[in-house]
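Listed here are the chains, written in short residue letters.
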Amino acid sequence: MTKRYVLVHDENKCIGCQACNVACRSENNVPESVTRIQVRIEGPHGNFPNLHFKYNRVSCEQCENAPCVKVCPTGAAYVADDGIVSINEKKCVGCLYCVAACPYKVRFINPDTKVPDKCDFCKKTRLARGESPACVSVCPTDALCFGDANDPQSEVSQLLDTKTNYQQKANLGTQPRVYRIPSRKGGIKA
Amino acid sequence: MNNIWGSMEQYDPVVWNWIIAVYLFMAGLSAGSMLVAIGLKWYKQSRGLPTEGLPVVKAAAVIAPVSICLGMALLVLDLTKPFEFYHILLNYNLTSVMAWGVIALLVYIPLVFVFAGLVFEEPIRRCVPALNGVLKVCRSLEGSLNKLIFALALCVGVYTGFLLSAMISYPILNTAVLPALFLASALSAGSAGNILVATLFFSKKESDCIEQVHRIEYPVAFNEALCLVLLFVGLNFSGPAAQAATSAITSGAWASVFWLGVVGLGLVVPLSASLFAPQSWKHSKGFLVTVSCSTILGVLALRHFVVYAGQSYIS
Ligand code: SF4
Ligand code: SF4
């Protein structure tokens with residue numbers, strides 16, 4: 001595995017417009033009742049007049065040490081050659097173990113396929129064509145940055161090397177590949 | 001309030017529901033009743049006493065296969081793709097506790113039927129003479145089979161605990177105490193179930209060998225209580241998220257299930273019954289039935305409490 005795809009979400013640039021959510025929906029045919037990605041607008045935090053909102057991206061974190069993969073009895077949840085946590089629909093029996101085990105609660109049962117679904121960085125469509133995931137392309141404020149963190153020249157590497165960033169629930173040892181640049185206001189709550 | 005980001009329904013942290021709780025109970029009941037019955041057999045054998053036709057063993061021969069099969073049926077029906085459950089028998093990811101559980105059950109389930117076949121050998125021979133040969137072979141292996149079943153029953157009892165404790169983000173579940181707690185409560189459910197079925201259907205004298213089964217109840221109940229204390233005391237020292245999860249036993253609906261069901265029905269009623277009830281009651285049918293039902297309901301409540309409260313608090 002030479003590539004290490006990561007996603008950086010800059011919480012200063014994000015405005016919570018949900019363009020990413022909508023783009024993902026149309027790119028991946030996500031049924032209406034469920035979502036692969038939400039940007040939750042949480043807050044306001046702080047004291048007047050220094051109020052701010054937190055823009056919390058909720059989507060698969062592409063854990064390097066993925067609990068969903070470890071617990072899957074059949075190997076239907078697996079790490080593909082590209083390092084992306086993927087789902088083999090044929091092997092899945094729908095036991096929901098992975099859905100329960102994901103600490104970020106981002107797996108859901110797709111009502112059409114009856115199989116767990118989640119963000120896969122658009123690997124079968126856009127990534128295969130050498131494009132960025134739909135959410136990254138569509139973001140009006142360039143709050144999202146996607147690329148190979150093993151390449152020191154890549155934009156993501158530069159960002160991660162130069163800006164303060166954090167990962168959610170890092171204490172669980174899942175090693176998420178979604179990095180966040182915290183809002184300049186307030187503290188970091190991983 | 002409306003979220004502009006859409007429905008939150010799919011983010012409910014409670015993913016496994018009462019069906020899983022009932023399955024965990026059934027698996028524990030089956031494993032516990034096997035452990036108690038085989039343990040009782042060994043106890044009698046070591047004292048040179050006859051082991052044929054013991055009511056408690058007969059009871060286990062009914063309970064163990066029936067409850068594990070009902071449990072498995074529930075489990076399969078609860079899958080989102082019940083008709084493709086066979087994939088779980090073909091593919092094994094050995095980092096998954098569930099895969100290990102499948103392996104254990106795959107051997108355990110046929111063997112409890114063999115156990116039952118040997119207990120009810122006479123009637124089976126009469127009704128299905130074709131099985132004579134098989135029964136004969138099994139009988140000659142009985143000693144080793146019992147050891148194997150005992151070991152597998154231990155695995156089944158314990159794996160249900162590891163199944164839940166492997167989920168790293170639920171503080172109540174992700175503890176090493178859980179498998180021990182599940183095993184202890186499986187033993188209480190198993191012995192209570194055996195006593196219940198034995199008194200109702202197999203016992204001529206009301207007290208035969210039920211006394212011996214009763215004797216394991218104190219240590220088992222003690223272990224169960226100890227595990228519960230360890231679980232919640234441990235949470236208290238494991239960081240803020242785990243500490244917040246201790247409110248599972250102080251507030252909300254699951255707190256009442258815990259205190260009334262798990263502690264009340266499961267521990268206080270059976271223990272005070274055997275401590276304070278007058279000697280004359282102790283072997284009466286009504287008394288035995290009431291106390292064992294109370295224990296069984298307590299264990300059922302424990303499984304529900306662990307499944308629901310366990311998933312409600314996430315770190
Ligand atoms: S975020 Fe959840 S679904 Fe995504 S890799 Fe991690 S555990 Fe699996
Ligand atoms: S639901 Fe499917 S992918 Fe998830 S753990 Fe079960 S078998 Fe694996």
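Per-chain numbering applies: the sequence of each chain, read as written, is numbered from 1 onward. By the order in which they are written, chains take letters starting at A while ligands take numbers starting at 1. Selection of residues for local features in this predicted model requires a pLDDT of at least 70, selection of side-chain atom pairs for listing and counting requires 80 or more, and totals for whole chains, interfaces and linings are taken over all residues. Side-chain metrics rest on all non-hydrogen atoms present in the structure, leaving aside hydrogens and water.

The line we're drawing: UniProt positions are given in the numbering used here, feature names are shortened, and annotations may be inferred rather than shown by experiment.
In the annotation of an unreviewed UniProt entry, chain B is listed under the name Polysulfide reductase and assigned to Shewanella maritima. The record in UniProt for chain B states the following under Sequence similarities (unreviewed entry): "Belongs to the NrfD family."

For chain A, the name recorded in an unreviewed UniProt entry is 4Fe-4S dicluster domain-containing protein, with Shewanella maritima as its organism.

1. Observations concerning the pattern of salt bridges
Residue and element names in this part refer to chain B. Selection rule: Salt bridge criterion: a side-chain nitrogen from Lys or Arg within 4 Å of a carboxyl oxygen from Asp or Glu. Numbering goes from the N terminus for both helices and strands, where a helix is a DSSP run of H or I of at least four residues and a strand is a run of E of at least two. Categorising residues by exposure relies on relative accessible area from a 1.4 Å probe, with only protein chains included: less than 20% of the type maximum marks a residue as buried, more than 50% marks it as exposed, and the intermediate range marks it as partly exposed.
The full count for this structure, using the stated rule, is 13 salt bridges over all chains. In this structure, the salt-bridge partner of K41 is E142, at a minimum N-O distance of 2.9 Å. One end of the pair, K41, is in helix α1 (residues 18-46); the other, E142, is in helix α7 (residues 142-165), and 101 residues separate them in sequence. One exposure class covers both K41 and E142, and it is buried. Taking the shortest distance from any N to any O, the salt bridge between E84 and K81 comes out at 3.3 Å. Through salt bridges with shared partners, one network takes in K41, E121, R125, R139 and E142.

2. Things to note about a positive patch on the surface
All names here are of chain A. The criterion, for reference: Exposure above 30% relative accessible area and the lack of any salt bridge qualify a residue for a patch; like charges then connect within 9 Å, and the nonpolar side chains Val, Leu, Ile, Met, Phe, Trp and Tyr within 5 Å. Surface exposure here means Shrake-Rupley accessible area, sampled with a 1.4 Å probe, where a residue is shielded only by the protein chains that are shown. For the charge count, each Lys or Arg is scored as positive and each Asp or Glu as negative, with His and the chain ends excluded. To locate a charge, take NZ of a lysine, CZ of an arginine, CG of an aspartate or CD of a glutamate.
Among the surface-exposed residues, K13, K163, R184 and K185 lie close enough to one another that they form a single positively charged patch. Its place among the elements puts K163 in the loop between α6 (155-162) and β9 (178-181). On the basis of relative accessible area, K163 is assigned to the partly exposed category, the value being 38%.

3. Digging into α7 of chain B
Convention followed: A helix is expected to span 1.5 Å for every residue after the first. Take the seven residues that end at a residue and the seven that start at it, fit an axis to each, and the angle between those axes is the bend at that residue.
For α7 of chain B, spanning 24 residues, the distance from its first C-alpha to its last is 34 Å, which sits close to the expected 34 Å at 1.5 Å a residue. The axis of α7 of chain B is deflected most strongly, by about 25°, at Y159 of chain B.

4. Thoughts on the site of ligand 1
Here is the rule we go by: We call a residue near a molecule or strand whenever a single non-hydrogen atom of that residue lies within 4 Å of it. The classification used treats Ala, Val, Leu, Ile, Met, Phe, Trp, Tyr, Cys and Pro as nonpolar, Asp, Glu, Lys and Arg as charged, and all other residues, Gly among them, as polar.
As a structural note, the neighbourhood of ligand 1 is formed by 14 residues, with C60, E61, C63, C68 and C102 of chain A the closest of them. For the shell around ligand 1, the per-class residue count stands at ten nonpolar, one polar and three charged.

5. A closer look at the nonpolar core
Heads up, the condition is: In plain words, nonpolar cores are sets of buried Ala, Val, Leu, Ile, Met, Phe, Trp, Tyr and Cys residues tied together by side-chain atoms within 4.5 Å. Contact definition: two residues touch when any of their heavy atoms are within 4.5 Å.
Within the largest apolar cluster, 135 residues are counted, with the highest numbers of intra-cluster contacts made by Y97 of chain A together with W16, M34, Y108, L164, M167 and F305 of chain B. The residues contacting F305 of chain B, other than those within four sequence positions of it, are F232, A248, I249, W254, V257, F258, V262 and G310 of chain B. Ranked by size, the runner-up nonpolar core spans eight residues in total, among them V8, A149, Y179 and I181 of chain A.

6. Things to note about the UniProt feature "transmembrane region" (unreviewed entry) in chain B
The positions that UniProt labels "transmembrane region" (unreviewed entry) are, in the present scheme, residues 20-43, 55-77, 97-120, 148-170, 176-197, 218-237, 257-277 and 286-306 of chain B. A helix fraction of 100% and a strand fraction of 0% characterise residues 55-77 of chain B, whose end C-alpha atoms lie 33 Å from each other.

7. So, the confidence of the model for chain B
For clarity, the threshold we go by: Per-residue confidence from the predictor is given as pLDDT, running between 0 and 100.
With 98% of its residues at a pLDDT of 70 or more, chain B shows a mean pLDDT of 94. On the interface metric, ipTM, the complex scores 0.93, and its pTM is 0.95.

8. A few points about unusual backbone geometry
All names here are of chain A. Note the cis peptide between G43 and P44, where omega equals 0°. Topologically, P44 is positioned in strand β2 (residues 38-45). In the segment running from F48 into P49, the intervening peptide bond is cis, with an omega of 0°. Structurally, P49 can be placed in the loop between β2 and β3 (52-58). At Q62, a position not held by glycine, the phi torsion is positive, near 50°. Take Q62: it is sitting in the loop between β3 and α2 (67-71). Look at K105: it is not a glycine, yet its phi comes out positive at around 55°. Along the chain, K105 falls in the loop between α3 (97-101) and β6 (108-109).

9. A word on the interface of chain B and chain A
The test is simple: Accessible area that two parts lose when put together, with a 1.4 Å probe and added across both, is what the buried area reports. For this analysis, a polar contact is any N or O atom pair within 3.5 Å, provided that within protein one partner can donate a hydrogen and the other can accept it, and provided that sequence-adjacent residues contribute only side-chain to side-chain pairs.
Each partner contributes to the interface: chain B provides 36 residues, whereas chain A provides 42 residues. Roughly 3,100 Å² is buried in total at the junction of chain B and chain A, and carbon and sulfur atoms are behind 60% of that figure. It is W5, Q10 and Y11 of chain B that lose the most area in chain B upon contact with chain A, and together they represent 24% of the buried surface on that side. Here chain B and chain A share zero salt bridges between them. Inspection of the region where chain B meets chain A yields 22 residue pairs in polar contact (both at pLDDT 80 or more). The set of elements that each furnish at least two residues to the side of chain B that touches chain A consists of α3 (87-90), α4 (97-119) and α7 of chain B. Tallied by class, the residues present in the side of chain B that touches chain A amount to 21 nonpolar, twelve polar and three charged.

10. Some details on the packing of α1 of chain B against helix α8 (residues 177-202) of chain B
For any two helices packed against each other, one specifies the inter-axial angle together with the distance between the axes. Residues and elements named next belong to chain B. Rule in force here: Convention adopted: a line fitted to C-alpha atoms gives each axis, helices being fitted over their contacting stretch, and angles between N-to-C directions are expressed from 0 to 180 degrees. Roughly parallel here means an angle under 35 degrees, roughly antiparallel means over 145, roughly perpendicular means 65 to 115, and every remaining angle is called oblique. For any helix crossing, the convention is left-handed if the near helix is rotated counterclockwise from the far helix by under a right angle, and right-handed if that rotation is clockwise.
Relative to each other, α1 and α8 sit at 70°, their axes nearing to 7 Å. Taken together, the axes of α1 and α8 lie roughly perpendicular to each other. Regarding α1 and α8, the two cross each other, and that crossing is right-handed. Touching L24, F25, G28, L29, G32, S33, L35, V36 and A37 of α1 are F182, L183, A186, L187, A189, G190, S191, G193 and N194, all from α8. Across the contact of α1 with α8, the residue classes break down as eleven nonpolar, seven polar and no charged.

11. Remarks on the environment of I88 of chain B
Residue and element names in this part refer to chain B. Here I88 shows up in helix α3. You can call I88 buried: its relative accessible area is 14%. Separated by 66 residues in the primary sequence, I88 and L154 have C-alpha atoms spaced 22 Å apart.

12. Remarks on the sheet that holds strand β1 (residues 5-10) of chain A
Residue and element names in this part refer to chain A. Threshold: Between any two strands, pairing holds if DSSP finds at least two bridges.
With mixed pairing, the three strands of this open sheet are ordered in space as β8-β1-β9. The sheet terminates laterally at β8 (144-148) and β9, the two strands that pair on one side only. When the angles between neighbouring strand axes are averaged without regard to direction, this sheet yields 20°. Two elements, β1 and β8, share five bridges in a ladder whose sense is antiparallel. When the bridges of β8 are listed, L7 appears paired with F146. Where α6 meets the sheet, its contacts fall on β1, β8 and β9, and the angle it forms with β8 comes to roughly 110°.

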